[in-house]
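Next come the chains, spelled out residue by residue.
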Amino acid sequence: MSGKQRAVTLVQHLHRAAKARERRAEPPAATVDRDEAEEALHYPNIDRTTIYRDMERAARLIDGDALQYTNGKLRLDLDAGSLPRKYTADQEGENL
């Protein structure tokens, strides 16, 4: 899996989590730290610094305020903006 693929996977993971919160009438936002990102990637033996770079890369993929990487955490806030359709996933986990 390439770095961009891992970054897109993180964006999709956050998008699904934010949409799930929205369906529960909670703020449509989600955050992952390095450990949660590693778990979301399901990619064994990946170096810690690689995951941080993937999180930074994910934030660079999205223009605007919806996705931010700060202090080792990647945060998606759909109230602050939206994601391009090519980086979202439907409920079955497929790319749109």
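What counts, and where the lines are drawn
- Residues numbered from 1 in each chain as written.
- Predicted model: local features only at pLDDT ≥ 70, side-chain atom pairs only at ≥ 80, totals over all residues.
- Heavy atoms only, no water.
- Helix = DSSP H or I, 4+ residues; strand = E, 2+ residues; numbered from the N terminus.
- Polar contact = N/O pair within 3.5 Å; in protein donor to acceptor, adjacent residues only side chain to side chain.
- Contact = heavy atoms within 4.5 Å.
- Buried < 20%, exposed > 50% of the residue type's maximum accessible area, 1.4 Å probe, protein only.
- Pairing = 2+ DSSP bridges.
- Arc of directions from axis to C-beta.
- Salt bridge = Lys/Arg side-chain N within 4 Å of Asp/Glu carboxyl O.

A.B. asks: Which residues make up the side chain of Arg6, and what values do they have?
C.D. replies: Residue position: Arg6 is located in helix 1 (residues 3–23). At a separation of 2.8 Å, a polar atom in the side chain of Arg6 contacts the main-chain carbonyl oxygen of Met1. In this structure, Arg6 is in contact with Met1, Leu41, Ile46, Thr50 and Asp54, ignoring residues within four places of it in sequence.

A.B. asks: Break down the pairing of strand 3 (residues 73–77) for me, with residues and values.
C.D. replies: Of the two faces of strand 3, the one holding Leu74 and Leu76 is buried and the one holding Lys73, Arg75 and Asp77 is not buried anywhere. In this sheet, strand 3 lies alongside strand 1 (residues 29–32) in antiparallel orientation, the contact comprising four bridges. Bridge assignment links Ala29 to a residue of strand 3, and that residue is Asp77. Both strand 2 (residues 67–70) and strand 3 contribute to a ladder of four bridges, which runs antiparallel. Bridge assignment links Tyr69 to a residue of strand 3, and that residue is Leu74. Count of turn residues in the strand 2/strand 3 antiparallel hairpin: two residues, of which Asn71 carries a positive phi of about 50 degrees.

A.B. asks: Could you give an account of helix 2 (residues 34–41), with specific residues and numbers?
C.D. replies: Of the positions making up helix 2, those classed as buried are Arg34, Ala37, Ala40 and Leu41. All buried residues of helix 2 fall inside an arc of 120 degrees around its axis, so they share one side. On the buried face of helix 2, the contacting elements are helix 1, strand 1 and helix 3 (48–61). The backbone nitrogen of Asp35 lies 3.2 Å from a side-chain oxygen of the residue at the head of helix 2, namely Asp33.

A.B. asks: Give me the lowdown on the pattern of salt bridges, citing residues and values where you can.
C.D. replies: Scanning all chains against the criterion turns up seven salt bridges. In this structure, Arg24 and Glu26 form a salt bridge, with 3.4 Å as the shortest nitrogen-oxygen distance. In this structure, Glu38 and Arg34 form a salt bridge, with 3.1 Å as the shortest nitrogen-oxygen distance. Taken together, the residues Glu38 and Arg34, both in helix 2 and four residues apart, mark about one turn of the helix. Looking at Glu38, the relative accessible area reads 29%, which means it is partly exposed. Ionic contacts of the salt-bridge type, sharing partners, join the residues Arg6, Asp54 and Arg57 into one network.

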